[in-house]
Amino acid sequence: MSTVEEFIAFLRSLSDKWSHRYEEDRVFESDPADSVPKYFVTAAYMYPSGPIHVGHGRTYLVADVVARFKRLLGYNVLFPMGFHYTGTPVLVRVEAIVENNTKEIESMSRAFNVDVDTLRSLRDPVSFARFFHELSKEVMKRYGLSIDWRREFTTIDPEYRDFIRWQFYKLLKLGLLIKGTHPVGWCPRHNMPVSMHDTEGDVEPEIGELTLIKFRDSEGIIYPVATLRPETVLGVTNVWVNPDVRYCLTEVDGETWLISCSAVHKLRYQLKKVEVLKEVEGATLVGKTLQNPVTGDEVRVLPAPFVSQKFGTGVVMSVPAHAPYDFAALRDYVNTVLQGSWPDELRPRPLIRVQGYGDIPAKDVVEALGVSSQKDVEKLEEATRRVYRDEFERGVMRDDVTTYVKIARRDVIDFLRDNVAGKPVREARENVKKLLTALGSFDRMYEVLNAPVYCRCGTEIVVKILENQWFIDYGNESWKRLAREALAGMRIVPEESRKGIEATIDWLKERACARTRGLGTELPWEPGWVIESLSDSTIYMAFYTVIHRIRSLGISPERLGEYFWDYVFLGVGNPAEVAAKAGISVSDLESIRREFTYWYPLDSRHSGKDLIPNHLTFFIFNHAAIFPKELWPRQIVVNGWVLVEGAKMSKSKGNVKLLGNLINAYSPDALRLGIALSAEVEQDLDLSEDIILSAARQLMRIYNTIRELSERVRAIDGRPQDRWLRGVLRQHVSSYIEELENVRLRSAAIRVYMKMLEDLETYLKWAGEPGVAVKEYLTTWVKLMSPFTPFIAEELWSTLGGQGYVAKATIDKEIATRDPIFEVERRYVDLVVEDIRSVLEVVKGDSAVLYVSDRSSSHIVRTVAEMMMQGHEMNSILRKVSKDMARLGIKQVDRALRSIHEAVNYIGPENILRYYEEKGEFDEFEVINRYGGLIASKLGLKNITVYMASDPNAPDIAGRKQRALPLRPGIYVGSNTT
RNA sequence: GCGGGGGUGCCCGAGCCAGGUCAAAGGGGUCGGGCUUAGGCCCCGAUGGCGUAGGCCUGCGUGGGUUCAAAUCCCACCCCCCGCACCA
């Protein structure tokens, strides 16, 4: 095999061969084994609204590598997988198919790599999900995921639904579910809630609350002005209506309201009964006199074209001191209608002091920006943004606001003095709302702040208030405490993500957990409401542990129920009664319970980082609520995005890479290795073809090397080279374990596929003939590869005569420990090589002479190492050893010490001390002689000559003898040296 | 706005939490050499500046500070990315 393409084809054939064998021999079906330690790992199940893509592929690879790695260490590992049918996205796709939307169907066909006819046959949500579920599952198998498929389920399986009902009853009984009303974006045509992915242009409708303040005319008709800034009610000079808009006189919940006719239907979605009594032109309202409910002031209704009928009620209070629109409109009115003379009652009334502005901030900004009239929308928007922001953040209500109150109401004045005057705006706002409520003049409505937002069907979205809405109360403080406690006991990889989860626990409030459409489980006590997808996926890891047993024992879903799950998951109830109700024997029931207690708690949970602010945090919350402390999860691993050409994958960009396509193109092993090599787990991974191809090439080299070497190994042993190779292997194995324990996949992959090959080649170059140590090296090497590239590893394993599957092999404990003697020698040799190399940078030569210091100076090294271990700094070490060094004839003592310090640090003070402990001495002369061949071969030198610096018979070339320091030999580089 | 993460050499990216091992790992790119019929494979070396001996100078967003010593600690500032909910 000489080309990458041929090799990739070969890799594909290996994956076919071995994935079938995995399945036939049920290699990854895991059952409890009491004497063996367990490891339970899960990754977030996918939502099958399309085929599995490489983003899933990355998360699942990390989980799979961890699973296979733990098997290497001897754990009984369970890695299951399910499919999340709950939710709505699939509904939209099926809708397109049923409506015969050709454009949409063709776009799906391209994106999903599925032919149009097949897509057209998927005419209901379940068939659609089922199709992509099965397709994705086949890809997962080919990808080499070591999953126990007996435990697979979907979230609409009857057993799962029963399990979710159990969970929700639990939450209800714990007081963690609450009922209430909730505003949502709503499409009047579809009659259902809409969110970002249901809107044109994927706009998230922003819902804001407006305060309605009831101004009344002399007949008692209510003019509900809509505002985001109720605290400014004290500074109202007039009320605006748009003269060119139709207004409706209506009856709202028994009151008579005057509102724009466009507001009528909006209010109807917000739990108001609205009846239209009569329509009037806005112009006819101008001139009416209204009473400000707080100040008692009589204000006029004036015309203003800027007032939108679409926003709020179409009736607006005018606060010219603090609202740029109002100031500009009033200025227009004064200039056109009143010929420029500004009457006293329309003068701006200052309410808020804010640094950087005068008494009338709106005027300042309008003039500073050069706003020409109320139609100068762009500048007015900017002016409004500034004033709003500065006043809200830094503004303080003036002390004299009470002087605006024109009625003799002591209680109102007292309230304003105590709760509004002198208070920051944000505080005053809330208090004014309270006051308005007390005065019977408060109401609220919701508005789409970034309107207009359109549903995909073209209908404009409104705000609807949903009743009977159930919330999971993540705002519950004692629950938050439990969640924090659970988090504190968990390992988070990468550790940086912990803060994100903590912050999420802090700000999480009530979460609406059910909705009116989509697949899933109905709330048992609220028909018509389906538990939404992020709420029915928080503790399902427990379900994996027992579902296959429920099925194999033939327990019918109708016989399940609270009693059953209580016993299986919590050990609550009488086993005999529970077994009888379930229709199984007590011993079978006990075995189900034992299966759960064997696997739980979950050891590692894997997902992408996008799930931190939702799923992963809910996962912690719900475990903390439902399970006892000892069953709380132990670890979360989050991975970064997969980027394509530097851009995030998204359906709209059409750059979603399907896992199946990549596997076909590159083979599972090359793809897996490419992904592992591309980025460490927390980083975003920019997937490039180059790196996958170079992974394939590297696999080819390794494969060829191993095949060829396994034939050539000879019965030689005991040479320095062989000991070196064994030492190197031990180093690699222990570093590999450290790396994978910390989920450093990339480092571990670089080690196994790059460094280990490099070291093997160094050995071969140095040793010439491969000894039996090579055989050991290869066998372990293949094991280390198996988590990353399982198929080629299986093939090589059988080539090397391994028993069974390498997927089931374990690492020799002995080999997994470091050898401190070897460690010191290797590092020392590396240091010498680097030193010689740095000389070779300035002088050319083909041979080197080394002068090593003798044992009489080794106590200096020991002292330096000891002092470093104790945390001493350079200065104190110098004080301690300088005399000694001087006595040995070392010149420039401080510089020499720095050099020794550097060496000790590089080799590791603790390693050095252990070396002394075990061998008594560090004999540099002997070590360099032993490794001379390696040094020469690494540097490409013809020969290396070593002398003791203290040897009077050794020639002193170029005065290099005296350069010898402990751990830093004197070096002479030249040609033709004798 | 609130919250989280981050700014490192031509590029990507480690290191900073536990300051000296850091001119700064590992990739990629580029340059030189080798191998080869050839190379788009592979191997070796170089890749801030200076230097005929293991050294010196500059340097890790910007500006200050602490320290014998700072990419690493402290303060201020600038910039970038990601979440903010009923949506998987």
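Residues numbered from 1 in each chain as written. Chains lettered and ligands numbered in written order. Predicted model: local features only at pLDDT ≥ 70, side-chain atom pairs only at ≥ 80, totals over all residues. Heavy atoms only, no water.

J.: What's the story with the protein's contact with RNA strand B in this structure? I'm lost.
T.: As a matter of local geometry, RNA strand B sits amid 44 residues, with Arg515, Ser533, Asn614, Gln683 and Arg701 nearest to it. Atoms of RNA strand B within 4 Å of the protein: sugar and phosphate make up 48%, bases the balance. Within the side chain of Thr88, an N or O atom sits 3.4 Å from a phosphate oxygen of RNA strand B. Here Arg960 contributes a side-chain N or O atom positioned 3.4 Å from a sugar or linking oxygen of RNA strand B. Per-class residue counts for the surface near RNA strand B are 15 nonpolar, twelve polar and 17 charged. (Near = heavy atom within 4 Å. Polar contact = N/O pair within 3.5 Å; in protein donor to acceptor, adjacent residues only side chain to side chain. Nonpolar A, V, L, I, M, F, W, Y, C, P; charged D, E, K, R; others polar.)

J.: Just to check I follow, could you spell out the layout of surface pockets for this structure?
T.: The method is simple in principle: a probe with the dimensions of a water molecule rolls over the atoms, and the space it marks as empty is what remains. Here the second largest pocket is characterised by a volume of approximately 1300 Å³. Lining of the second largest pocket is provided by 38 residues; of these, Leu228, Phe311, Tyr325, Glu381 and Thr384 occupy positions nearest its centre. The set of elements that each furnish at least two residues to the lining of the second largest pocket consists of strand 6 (222–227), helix 8 (261–268), strand 13 (315–318), helix 9 (324–336), helix 11 (377–394), strand 16 (442–448) and strand 17 (462–473). A per-element tally of the lining of the second largest pocket places helix 11 first, with five residues. Classifying every residue of the lining of the second largest pocket gives 21 nonpolar, nine polar and eight charged. Mapped onto the domain boundaries, the lining of the second largest pocket takes at least three residues apiece from domain 2 (177–206 + 450–472) and domain 3 (207–448). (1 Å grid on protein atoms, 1.4 Å probe; cavity = no way out; pocket = protein on both sides within 12 Å on 5 of 7 lines; lining within 4 Å. Points joined across faces, edges and corners; volume = space filled by probe spheres on them. Helix = DSSP H or I, 4+ residues; strand = E, 2+ residues; numbered from the N terminus. Domains from an automatic or database assignment.)

J.: Sorry if this is basic, but what is going on with the pairing of strand 23 (residues 635–639) here?
T.: A regular strand places its side chains so that they alternate between the two faces of the sheet. Within strand 23, five of the five residues are buried, which leaves the element mostly enclosed by the surrounding structure. Neither face of strand 23 is open: one carries Gln635, Val637 and Asn639, the other Ile636 and Val638, and all of them are buried. Inspection of the sheet shows strand 18 (residues 491–493) paired to strand 23 by three bridges, in the parallel sense. Note on strand 23: the bridge partner recorded for Ile492 is Ile636. In this structure, strand 22 (residues 604–608) lies alongside strand 23, joined through four bridges in parallel fashion. Counterpart to His606 in the pairing with strand 23 is Val637. Each parallel crossover has a hand, and for strand 22 linked through helix 20 (residues 612–626) to strand 23 it is right-handed. (Buried < 20%, exposed > 50% of the residue type's maximum accessible area, 1.4 Å probe, protein only. Pairing = 2+ DSSP bridges. Right-handed = clockwise from strand over helix to strand, strands pointing away.)

J.: Got a minute to help me understand the pairing of strand 6 in this structure?
T.: The buried count for strand 6 comes to six of six residues, which makes it a mostly enclosed element. In strand 6, alternate side chains face the same way, and those of Ile222, Pro224 and Ala226 on one face and Tyr223, Val225 and Thr227 on the other are all buried. Of the strand pairs in this sheet, strand 5 (residues 207–217) and strand 6 are connected by six bridges, and their pairing is antiparallel. Across the sheet, the residue bridging to Phe215 is Tyr223, located in strand 6. The loop that links strand 5 with its antiparallel partner strand 6 comprises four residues; one of these, Gly220, has a positive phi angle of about 85°.

J.: What is the right way to read the nonpolar core from this model?
T.: Soluble globular proteins: nonpolar side chains tend toward being buried together. Among the nonpolar cores identified, the biggest contains 249 residues, and Phe564 and Trp781 are the most heavily contacted of them. Looking at this core element by element, the count peaks at twelve residues for helix 25 (residues 745–767). With near-sequence residues (within four places) excluded, Phe564 lies in contact with Ile550, Ile555, Val578, Ala582, Leu589 and Ile592. Core analysis: the second largest hydrophobic core is formed by 57 residues, Leu249, Val301, Met317 and Met397 among them. (Core = buried A, V, L, I, M, F, W, Y, C linked by side-chain atoms within 4.5 Å. Contact = heavy atoms within 4.5 Å.)

J.: Looking at this structure, how should I read the pattern of salt bridges?
T.: Oppositely charged side chains may form a pair once their charged atoms are brought near each other. Tallying each qualifying case throughout the model produces 59 salt bridges. Of the charged contacts in the structure, one is a salt bridge between Asp566 and Lys170, with a shortest N-O distance of 2.9 Å. You can see Asp566 sitting in helix 17 (residues 562–570) and its partner Lys170 sitting in helix 7 (residues 158–173), a full 396 residues away along the chain. No difference in accessibility class separates Asp566 from Lys170, as the two residues are buried. Taken together, the salt bridges that share partners define one network made up of Arg26, Glu29, Asp31, Asp148, Arg150, Arg151 and Glu595. (Salt bridge = Lys/Arg side-chain N within 4 Å of Asp/Glu carboxyl O.)

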